[in-house]
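Coordinate inspection notes
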Amino acid sequence: MTIDFSKFPDKNGHFGPYGGIFAPETLMAALEQLDQEYESVKNDPDFLSGLADDLRDYVGRPTPLYYAERWSKELGGAKIYLKREDLNHTGAHKVNNTIGQALLAKRLGKTRIIAETGAGQHGVASATVAARLGLECVVYMGADDVVRQAPNVARMRMLGATVVPVESGSRTLKDALNEAMRDWVTNVDNTFYIIGTVAGPHPYPGMVRDFQVVIGEEARAQILEKEGKLPDALIACVGGGSNAIGLFHKFLADESVDIYGVEPAGHGLETGEHAAPLCKGTPGVLHGNRTYLMQDENGQILGTHSISAGLDYPGVGPEHAWLKDIGRVNYVAINDEEALQGFRDLTRFEGIIPALESSHALAYATKLAPTMTSEQTIIVNLSGRGDKDMNTIAQIEGIEF
Amino acid sequence: MSRLQKTLANLKASGKTALIPYITAGDPTPNATLDLMHLLVEKGADVIELGVPFSDPMADGPVIQKAVERALEHNVSLDDVLEFVRVFREKDEKTPIVLMGYLNPVEAMGYEAFANAASSVGVDAVLTVDMPPEESVGYKEALESKGLDRVFLVSPTTPNSRLTAVNEKGSGFVYYVSLKGVTGSKELDIEDVANQVTRLKSTLKHPIGIGFGIRDGHTAFEMAKLGDAVIVGSSLVSLIEANEAKGLYDIHLAIGEKMTEFRGALDRADAKKGQE
């Protein structure tokens, strides 16, 4: 493979036919300004060292690469390493990105930040950096997600953010994104929109990826130190796809590394009740970029289902769409039941309670590891911790608070 | 010259401001759309902007979001909208029709298939909210080859550097979004619009239609002094919502009355311009 993955997106934000800037006119100037500002700082040593300081002292990076020995032996097969993004401040990989974007917001003189959130992890990470920098923060969240991720709603409010439940459409992540876009169109002069995933109009997909690439950079150095060789496989869950691209990107040129992105199959791919556009969708345009979408034959976006609010989205980052088409990444799906089993397994075998999003990646590891040898290794991105999912799990398992 | 271009040029030659009302196709029901379109013409519409329902209307305020939801309850598709236009043309060959919507339904149909179908049923122009000129490669050519005009948006935040692309890729008219916000939002700052339109007129070669936030005759009167066309949407659509329970007769009465208010305001503004 001779693709130089660092050259993407192109200057107009395209990854092959995907990505781009499909935004309402009112936002075009703000997107252009953000693009220019990001271009000017992304190789600036001062900006990068400030970012590195924050990631070390505030977020707690580097996160460990942990060998899940008991679980690996139980499964029999490859050694499974977990990239512990759950140990970041605020409990997930999302903060890697919000730290970076908040620094940009400050440089652009914006006094107010807005964010959309599904599981609430990106909302919490946005509210956190807003508190730290003294910025006003408004978080849009689907009304259904407000209920199923109540602990994160409480955290955001404690941090001083305003959480706006979105009642329109399917009352989940996509509707929160629509509402955040409407806010941004209205308040574009003083407002910075911190998008939480590698989707949206250019420059967001490339910029958010760059802020998340630290995951794979660290993991690569860590596995080389521990094993003296590259991993044989990488696994990460894919909703919008920011934790996945963060882990994958520095390994894309390593042909020996098999890469798996795990989409939520919900009640099953065959039922239509899932959120797996790469496995079952078709290309289209939504939320500022061209990518794979769950849509009907008339181009209307379909409702989605996943037990995990953070993956419950009908689109996916455009770079993933491209990586699927060129065959570099394998996109697979794990249903609700399998994800729950992944959740239980990690909790009981390793004493680590994972987020339901990350549980999809873990569940795929339980399928893949036994097909490999004990000489081989897998890195699973443990993108977040499961504290926020206690209500959902307790209900399913019949545990009373 | 296209039907839309001719219509706007004739109006301009006779000192008239074009009135362009918007309704969402299929709102409140598919059966209501054709009669509403003819009513708009009867009450003074020069051009009709017909909204194509899309599940995720991210640039629209609550009024049009709800209209779209009402239409989508009846599964109104882009094919259905084209069929409305075909039937409308059986009775009205004169009034230009601009389809307004989002890109994905057009992508799903395919640019060329859409351009063929739209031109064959008698659509005149297409305005796609999330399609800036930069991304319009293929889209522009497909529409142009079928004689369809491409209406692009320009906003208060649009820098002069972007207007060249609008001149090159666009045709028919340019839709000036008169405020920062979604459709149907807050009051307009008339002085700000005046300054902006003056800036745009020096660069844009197409006629300028002004829309977003024009909810009464007074504002329409002020906008008619500035632009070549005045576009009204949410203020009409909100009357559909308000009268939905009472039935189509009441919807027609309310929309007819509101259109008369707008038409009167534009005529007064035109008369005043004529005297100056």
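Details of the structure are given in the entry above.
Residues numbered from 1 in each chain as written. Chains lettered and ligands numbered in written order. Predicted model: local features only at pLDDT ≥ 70, side-chain atom pairs only at ≥ 80, totals over all residues. Heavy atoms only, no water.

All names here are of chain B. Viewed as axis vectors pointing N to C, helix α11 (residues 234-243) and helix α12 (residues 248-275) meet at an angle of 155°, and their least axial separation amounts to 9 Å. Here α11 lies roughly antiparallel to α12, going by the angle between them. For the pair α11 and α12, the crossing hand works out as right-handed. Along the contact surface, α11 presents S235, L236, L239, I240 and N243, while α12 presents D250, I251, A254, I255, K258, M259 and F262. In terms of residue class, the contact of α11 with α12 is made up of eight nonpolar, two polar and two charged. (Axes fitted to C-alpha atoms, helices over the stretch in contact; angles between N-to-C directions. Helix = DSSP H or I, 4+ residues; strand = E, 2+ residues; numbered from the N terminus. Parallel < 35°, antiparallel > 145°, perpendicular 65-115°, else oblique. Left-handed = near helix turned anticlockwise from the far one by under 90°. Contact = heavy atoms within 4.5 Å. Nonpolar A, V, L, I, M, F, W, Y, C, P; charged D, E, K, R; others polar.)

What follows concerns the pattern of salt bridges. Pairing of side chains with opposite charge becomes possible as their charged atoms draw close. Going through the model one piece at a time under the given rule, you end up with 48 salt bridges over all chains. With its nearest N and O atoms 3.2 Å apart, the salt bridge here joins R209 of chain A to E319 of chain A. One end of the pair, R209 of chain A, is in helix α9 (residues 204-212); the other, E319 of chain A, is in helix α13 (residues 318-325), with 110 residues separating them in the sequence. Assigned by exposure class, R209 of chain A and E319 of chain A land together as buried. Its salt-bridge partner being E107 of chain B, residue R290 of chain A comes within 2.5 Å of it at the nearest N-O pair. Note that R290 of chain A is positioned in strand β12 (residues 288-293) and E107 of chain B in helix α5 (residues 103-109), a pairing that runs across two chains. Across the pair, exposure class does not vary: R290 of chain A and E107 of chain B are buried alike. (Salt bridge = Lys/Arg side-chain N within 4 Å of Asp/Glu carboxyl O. Buried < 20%, exposed > 50% of the residue type's maximum accessible area, 1.4 Å probe, protein only.)

With that settled, the discussion passes to the interface of chain A and chain B. Facing 37 residues of chain A, the contacting portion of chain B comprises 38 residues. Of all residues in chain A, the largest losses of buried area upon contact with chain B belong to E25, R182 and Q300 of chain A, amounting jointly to 24% of the total for that side. As a salt-bridge pair, R162 of chain B and E25 of chain A come within 2.7 Å of each other at their nearest N and O atoms. Run the count over chain A and chain B and you get 20 residue pairs in polar contact (both at pLDDT 80 or more). Of all the elements in the fold, those that place two or more residues in the side of chain A that touches chain B are β2 (18-22), α1 (25-41), α8 (173-186), β11 (282-286) and β12 of chain A. Element by element, the count of residues in the side of chain A that touches chain B is highest for α8 of chain A, at eight residues. A class-by-class count of the residues in the side of chain A that touches chain B yields 13 nonpolar, 15 polar and nine charged. (Buried area = accessible area lost by both parts, 1.4 Å probe. Polar contact = N/O pair within 3.5 Å; in protein donor to acceptor, adjacent residues only side chain to side chain.)

Moving on: α1 of chain A. It helps to recall that an α-helix has 3.6 residues per turn; residues three or four apart then point in one direction. Over its 17 residues, α1 of chain A extends 25 Å from the first C-alpha to the last, a length consistent with the 24 Å expected when each residue adds 1.5 Å. Taken as a whole, α1 of chain A has its buried residues at E25, T26, L27, M28, A30, L31, L34, D35, E37, Y38 and V41 of chain A. (Expected span 1.5 Å × (residues − 1).)

What follows concerns the nonpolar core. Residues L99, Y175 and I255 of chain B are the most contacted members of the largest nonpolar core, which totals 188 residues. Broken down by element, this core gets its largest block of residues, eight residues, from α12 of chain B. When residues no more than four places from it in sequence are discounted, the contact partners of L99 of chain B are L50, V52, L78, V81, L82, V85, F114, V123, A125, V126 and L127 of chain B. Residues L82, C237, L346 and I378 of chain A belong to the second largest nonpolar core, which totals 27 residues. (Core = buried A, V, L, I, M, F, W, Y, C linked by side-chain atoms within 4.5 Å.)

Looking now at the sheet that holds strand β7 (residues 162-166) of chain A. Strand pairing in a sheet relies on backbone hydrogen bonds, with the paired strands running either antiparallel or parallel. All names here are of chain A. Spatially, the four strands line up as an open sheet ordered β7-β6-β5-β8, and their pairing is parallel. A single partner strand is all that each edge strand has here, and the edge strands are β7 and β8 (191-193). With strand direction ignored, the average angle separating the axes of adjacent strands in the sheet is 25°. Inspection of the sheet shows strand β5 (residues 112-117) paired to strand β6 (residues 136-142) by six bridges, in the parallel sense. Residue R112 lies in a different strand from β6, and its bridge partner there is E136. (Pairing = 2+ DSSP bridges.)

Residue and element names in this part refer to chain B. Mapped onto the secondary structure, D124 falls in the loop between α6 (111-121) and β4 (125-128). When the C-alpha atoms of D124 and R150 are compared, they prove to be 9.0 Å apart, with 26 residues separating the residues in sequence. Look past the residues within four positions of D124 in its chain and what remains in contact with it is R3, L4, R89, T95, P96, I97, G147, L148 and D149. In this structure the side chain of D124 is engaged in a polar contact, spanning 2.9 Å, whose partner is the side chain of R89.

Residues and elements named next belong to chain A. With mixed pairing, six strands are arranged side by side in an open sheet as β3-β4-β14-β9-β10-β13. What marks the edges here is a single partner per strand, and that holds for β3 (65-67) and β13 (330-335). Ignoring strand direction, the axes of neighbouring strands in this sheet form an average angle of 30°. When strand β9 (residues 233-237) meets strand β10 (residues 258-266), the two strands line up parallel, connected through five bridges. Looking across to β10, one finds that A233 is bridged to D258.

Now for the side chain of T172 of chain A. Along the chain, the position of T172 of chain A falls in the loop between β7 and α8. In this structure, T172 of chain A is in contact with G142, D144, D145, R148 and D312 of chain A, ignoring residues within four places of it in sequence.

Let us look at unusual backbone geometry. Residue and element names in this part refer to chain A. That bond from F8 to P9 is cis: its omega, 0°, falls within 30 degrees of zero. By secondary structure assignment, the location of P9 is in the segment before β1 (14-15). A cis geometry characterises the amide bond from R61 onward to P62, with omega recorded as 0°. Note on placement: P62 falls in the loop between α2 (45-59) and β3. Its identity as a non-glycine residue notwithstanding, R171 has a phi of 55°, on the positive side. Among the structural elements, R171 can be located in the loop between β7 and α8. Backbone geometry places H287, a non-glycine residue, at a positive phi of 55°.

In this description, an aromatic ring pair is defined by two values, namely the gap between the centres and the angle between the planes. Considering all chains together, one arrives at 13 aromatic pairs over all chains under this definition. Ring centres of W184 of chain A and Y204 of chain A lie 6.3 Å apart, and the angle between their planes is 75°; on these two criteria the pair is classed as edge-to-face. Taken together, the positions of W184 of chain A in helix α8 and Y204 of chain A in helix α9 put the pair 20 residues apart, joining distant regions of the chain. Y204 of chain A matches W184 of chain A in its accessibility class, with the two residues each being buried. Taken together, a centroid distance of 5.9 Å and an interplanar angle of 85° make the contact between Y175 of chain B and F212 of chain B edge-to-face. Taken together, the residues span a long stretch of sequence, with Y175 of chain B in strand β7 (residues 174-177) and F212 of chain B in the loop between β8 (208-211) and α10 (217-224) at a distance of 37 residues. By way of ring pairs, the aromatic residues F5, F8, F15 and W322 of chain A are connected into one cluster. Against the face of Y67 of chain A rests K79 of chain A, its NZ or CZ located 4.9 Å from the ring centre. (Phe/Tyr/Trp six-rings, centres within 6.5 Å; stacked < 30°, edge-to-face > 60°. Lys NZ or Arg CZ within 6 Å of the ring centre and 35° of its normal.)

Interpretation note: all reported values are geometric properties and have no functional meaning in isolation.
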